[in-house]
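# Chain and residue survey
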There are 2 protein chains.
Amino acid sequence: MRKLRIQASINAPGRDACEKPSWALSAGQPPAVSQQPGTVYAHVGQSFASRAYDVLIVGAGRMGAALAWQLRQRAPHLSLLLAEEGGLPNEEGATILASGVWHSDVPDEQRERAERTRALLGERLQPCGVLTLSEQGGVPPSVPYPASLADAAVLPGLRLDPRGGVYSPASVTLDAGQQAVRLGADLMLNVRCELRGGGQVALHRLSVTNTHQVVVDHTVTVTAAQVVIASGAAGPHLIENGLGQPTRHRQAYRQLPRLNVPSGPDSPVVRACGFVLRPHSGGYVVTPPILHPDPWGYQPVGGRLAGVPVGLRREVVDSLLPHLEALPALASEALVVGRSSADIPGAWLALPEGGWPRWDRLDEQHVLLLGGPHADLTGLAVAEELAEALAQG
Amino acid sequence: MRKLRIQASINAPGRDACEKPSWALSAGQPPAVSQQPGTVYAHVGQSFASRAYDVLIVGAGRMGAALAWQLRQRAPHLSLLLAEEGGLPNEEGATILASGVWHSDVPDEQRERAERTRALLGERLQPCGVLTLSEQGGVPPSVPYPASLADAAVLPGLRLDPRGGVYSPASVTLDAGQQAVRLGADLMLNVRCELRGGGQVALHRLSVTNTHQVVVDHTVTVTAAQVVIASGAAGPHLIENGLGQPTRHRQAYRQLPRLNVPSGPDSPVVRACGFVLRPHSGGYVVTPPILHPDPWGYQPVGGRLAGVPVGLRREVVDSLLPHLEALPALASEALVVGRSSADIPGAWLALPEGGWPRWDRLDEQHVLLLGGPHADLTGLAVAEELAEALAQG
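Predicted model only: the values in this text are computed from it and were never measured.

## Considerations on the overall build of chain A
The helix and strand tally for chain A stands at 6 helices and 22 strands. The globule rule puts the C-alpha radius of gyration for 393 residues at 21 Å, and the 21 Å found for chain A is close to it. Once the C-alpha set of chain A is aligned to its principal axes, its extents read approximately 65 × 45 × 35 Å. Put simply, of all contacts in chain A between residues at least 6 apart along the chain, 72% involve residues at least 24 apart. Of the roughly 16,100 Å² that chain A leaves accessible, carbon and sulfur atoms contribute 52%.

## Notes on the relation of the copies chain B and chain A
When chain B is fitted to chain A, the best match, at an RMSD of 0.0 Å, comes from turning it 180 degrees and sliding it 0.0 Å along the axis. Viewed as a symmetry operation, the transformation between the two copies matches a two-fold axis. Looking at the rotation axis and the C-alpha trace of chain B, the residue lying nearest is B:Tyr298, at 2.8 Å. When the interface residues of chain B are mapped onto chain A, 100% of them again lie at the interface, so the same face is used by both copies.

## Some remarks on the interface of chain B and chain A
Listed by partner, the interface residues are 23 residues for chain B and 23 residues for chain A. The contact between chain B and chain A buries some 2,000 Å² in all, and 59% of this surface belongs to carbon and sulfur atoms. Considering only the surface of chain B that becomes buried against chain A, B:Pro295, B:Trp296 and B:Arg314 emerge as the three largest contributors, covering 30% of it. Where chain B touches chain A, the interface holds 4 salt bridges. A:Glu240 is paired through a salt bridge with B:Arg314; the nearest N and O atoms lie 2.3 Å apart. At the surface where chain B touches chain A, the tally comes to 8 residue pairs in polar contact (both at pLDDT 80 or more). Sorting the residues of the side of chain B that touches chain A by element identifies helix H4 (235-243) and helix H5 (314-320) of chain B as the ones contributing at least two each.

## Thoughts on the packing of aromatic side chains
Applying the stated criterion across every chain yields a total of 6 aromatic pairs over all chains. Taken together, the ring pairs connect A:Tyr253, A:Tyr298 and A:Trp348 into an aromatic cluster. The cationic tip of B:Arg51 hangs over the ring face of B:Tyr53; the distance from NZ or CZ to the ring centre is 4.2 Å.

## As for the pairing of strand S3 (residues 80-83) of chain B
All names here are of chain B. Neither face of S3 is left uncovered, since the one carrying Leu80 and Leu82 and the one carrying Leu81 and Ala83 both have all their residues buried. In the sheet, strand S2 (residues 52-58) pairs with S3 via 4 bridges, with the strands oriented parallel. Paired with Val55 across the bridge in S3 is Leu80. With respect to chirality, the unit in which S2 leads through helix H1 (residues 62-74) into the neighbouring parallel S3 is right-handed. Strand direction decides the pairing type here: S3 and strand S9 (residues 186-188), joined by 3 bridges, are parallel. Considered in S9, the bridge of Ala83 is made with Met188.

## Topic: the confidence of the model for chain A
Mean pLDDT over chain A works out to 89, with 91% of the residues at or above the 70 mark. For this predicted complex, the interface confidence score (ipTM) comes to 0.79, while the overall pTM stands at 0.84.

## Regarding helix H3 (residues 169-182) of chain B
All names here are of chain B. The end-to-end C-alpha separation of H3 is 20 Å, in line with the 20 Å expected for 14 residues at 1.5 Å each. The buried count for H3 comes to 12 of 14 residues, which makes it a mostly enclosed element. In this fold, the buried residues of H3 make contact with strand S1 (40-41), H1, helix H2 (108-121), S9 and helix H6 (375-391).

## Points about the packing of helix H2 (residues 108-121) of chain A against helix H6 (residues 375-391) of chain A
Residues and elements named next belong to chain A. Contact geometry for H2 and H6: axes closest at 7 Å, N-to-C directions at 90 degrees. Judged by the angle between their axes, H2 and H6 are roughly perpendicular. Counting all contacts with H2, which are made through Gln110, Arg113, Ala114, Arg116, Thr117, Leu120 and Leu121, the residues of H6 involved are Asp376, Leu377, Thr378, Gly379, Leu380, Ala381, Val382, Glu384 and Glu385. Looking at the contact of H2 with H6 residue by residue, the classes come out as 7 nonpolar, 4 polar and 5 charged.

## Here we look at the pairing of strand S11 (residues 200-208) of chain A
Residue and element names in this part refer to chain A. Among the 9 residues in S11, 7 count as buried, and that is most of the element. Where strand S10 (residues 191-197) and S11 come together, 6 bridges link them in antiparallel fashion. Along S11, the bridge assignment pairs Gly197 with Gln200. If you look at the hairpin formed by S10 and S11, you'll find 2 residues sitting between the two strands, and Gly198 has a positive phi there, around 65 degrees. Of the pairings in the sheet, the one linking S11 to strand S12 (residues 214-229) comprises 9 bridges and is antiparallel in character. Its bridge partner being in S12, His204 is matched across the sheet by Thr219. Taking the residues between adjacent antiparallel strands as the criterion, S11 and S12 are bridged by 5 residues, where His212 takes a positive phi near 65 degrees.

## Focus on the environment of B:Leu277
Residue and element names in this part refer to chain B. The topology assignment puts Leu277 in strand S16 (residues 275-280). A relative accessible area of 3% places Leu277 in the buried class. Filtering out sequence-adjacent residues up to four positions away, Leu277 remains in contact with Leu149, Pro268, Val269, Val270, Tyr284, Val285, Val286 and Leu330.

## Some thoughts on the side chain of B:Thr378
As for its position among the elements, B:Thr378 is in helix H6. Beyond its immediate chain neighbours, meaning those up to four positions away, B:Thr378 contacts B:Gln110, B:Arg113, B:Ala114, B:Thr117, B:Trp356 and B:Pro357.

## What to know about the packing of H1(B) against H3(B)
Helix packing for two helices is described by the angle between their axes and how far apart those axes are. All names here are of chain B. Following both chains from N to C, one finds H1 and H3 inclined at 35 degrees, their axes separated by 8 Å at the closest point. As H1 packs across H3, the resulting crossing turns out to be left-handed. On H3, the residues that touch Arg62, Ala65, Ala66, Ala68, Trp69 and Arg72 of H1 are Pro169, Thr173, Ala176, Gly177, Gln179 and Ala180. Considered class by class, the residues forming the contact of H1 with H3 number 7 nonpolar, 3 polar and 2 charged.

Conventions used here
- Residues numbered from 1 in each chain as written.
- Chains lettered and ligands numbered in written order.
- Predicted model: local features only at pLDDT ≥ 70, side-chain atom pairs only at ≥ 80, totals over all residues.
- Heavy atoms only, no water.
- Helix = DSSP H or I, 4+ residues; strand = E, 2+ residues; numbered from the N terminus.
- Rg over C-alpha atoms; globule rule 2.2 N^0.38 Å.
- Contact = heavy atoms within 4.5 Å.
- Areas by Shrake-Rupley, 256 points an atom, 1.4 Å probe, with all protein chains shown as cover.
- Least-squares fit on C-alpha atoms with pLDDT ≥ 70 in both.
- Buried area = accessible area lost by both parts, 1.4 Å probe.
- Salt bridge = Lys/Arg side-chain N within 4 Å of Asp/Glu carboxyl O.
- Polar contact = N/O pair within 3.5 Å; in protein donor to acceptor, adjacent residues only side chain to side chain.
- Phe/Tyr/Trp six-rings, centres within 6.5 Å; stacked < 30°, edge-to-face > 60°.
- Lys NZ or Arg CZ within 6 Å of the ring centre and 35° of its normal.
- Buried < 20%, exposed > 50% of the residue type's maximum accessible area, 1.4 Å probe, protein only.
- Pairing = 2+ DSSP bridges.
- Right-handed = clockwise from strand over helix to strand, strands pointing away.
- pLDDT = per-residue confidence, 0-100.
- Expected span 1.5 Å × (residues − 1).
- Axes fitted to C-alpha atoms, helices over the stretch in contact; angles between N-to-C directions.
- Parallel < 35°, antiparallel > 145°, perpendicular 65-115°, else oblique.
- Nonpolar A, V, L, I, M, F, W, Y, C, P; charged D, E, K, R; others polar.
- Left-handed = near helix turned anticlockwise from the far one by under 90°.

Quick look at the structure:
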């Protein structure tokens, strides 16, 4: 059962302790200082008088929080409620685990959004270089080959993206949410939203019993002129259940195992064979490729390696197997495989149709906003595009 | 829990009652009449003295049974044991539910195998014509458009494959297994095989308690010069657990809902939008496309349609949604959606790498034989190829 962490995450530091504590997203607009800060409803003890909002954002992950912040900047006249089932961001969502790697290897039609996202990240992006290894090409003499991770005989090709870098999506989300509140957005945590259609949303405020069960304490219904569903993998289900609109978006349970190969402050991110290896706390976080969506109703389970139960999903093991020669570190004991799936950090990830972050108007009152596997690259720009569209009415 | 159906299936009629009761696969070779029939070990009460075999086939589905029969014809000097966890074929396997549609719309590299499979089916293939509907092209005046199933305004294109036809994979399997036994193969039902490596196989003979639990009654170990793993979706797992060889084959849980649109003896099979609609018992059996493999550990669950729980998997619903206009019958109440997944016939299906039936030598003693989604088209020919290879030693 999900555990409530009331108010804990709102003041929690980002996932990366080395990141700067204070920061402003560098969008360039002057802050709307004339606004009163909004109200934070963190737990059911804080009474909430139902009222109408201009905009209600369901989900304070990376997409929802960025949208809230952008919208407060662009349209301070629009009243805004940001509602989130967990903390900021959700402790079990995809944002908190996202690897936060930006690089410029994107298709042409996404280039502008990727650059805009980089600009929005501003100084939160720590330049570190992103190395892409491949089967063809040679190693430029100026770039050291990451021999502890990959085999240069199999993957001699090496491209350095000097503009690449890393950031903490969880910190960016926390800051965006806090900025939005400072600029007048209301924020409600620990609330499960149910779409009732026509801009009506039931807010089921959650509480935790002394036997650690999460229960609905009470329900308030609010009406909003615009409801943005930014709930990640859960978004399409929310829409289908609440509005009767099936979508073609999918989801997958992503695991991010740790690789205990030493990394330092100057270690680059390495991309190879569909994997991304991001330096993190003296080791690496491995982001495996997603081979296929997971079916509805799937409960993540660990797999087996040579007959022994491990926490890594079978599908992650499958994605590793063809590349063990190219990436020998992933075949070594340095890879933390765990003993059950609870040992490996993981979260449900939306797989938007087309693969890239997007927003879609569903009807006059509802918009779907989805990040997914490439939210690191273009997510902020897509959230900004939607803010622009909503601000213009 | 799986229920044992001891000896029931060995004398059971095929799935299609209209099929001819007596039949010989039309391979053209004279039967090896000099052989003594083999022994059938249907239940644990029949004692089995462990002995060495030349060939042991794990799984008496469509692939394993066809191989056994072909091998007895080609190499009567090779002693043979066909071992199966359920009946002949397994009541819960993919064979018993396979739609049994043959058509000639195959890629060039599979054409020869498809034609050979057609020849091997002989008179078991009931010619019925296979109509392929598409978005382009017109309707030849000689062929009636199946207006009860599809909308000619959306799918005007119509191609008739006059050489196409239907058969019952379950009956073909039953007959192949029986022929193999007549020609000297031993057959053991209700036995779970475990690979021990080096041609050793543990035969866990299964029994059912009076509380309907399937338990291992006793275990016998046999040695075979050649072990063929023909266990469908379970095959790759068996190999990985027993031989430590991971493979790149996958699996999916396929559901085949019924469509209550009237069909008659002259109704053609209809292929459209990735679906196959096979006339069956006055209606149709729908074979949906497989959108993606299912993850390891997935337990099939029903989905929802407009908020109501149904037995159809969410993924089947997803595959239907884009084509409701083209195939309006699938959007009507004629489609049996059930209330839980138990209501919809379904089985785990192997998804061989490359998509087509194949065999692969794993080591000196072990061969993997896989059918999968296209076993209707080329399965018998692939089994024959393997029989040829094994007969030649």
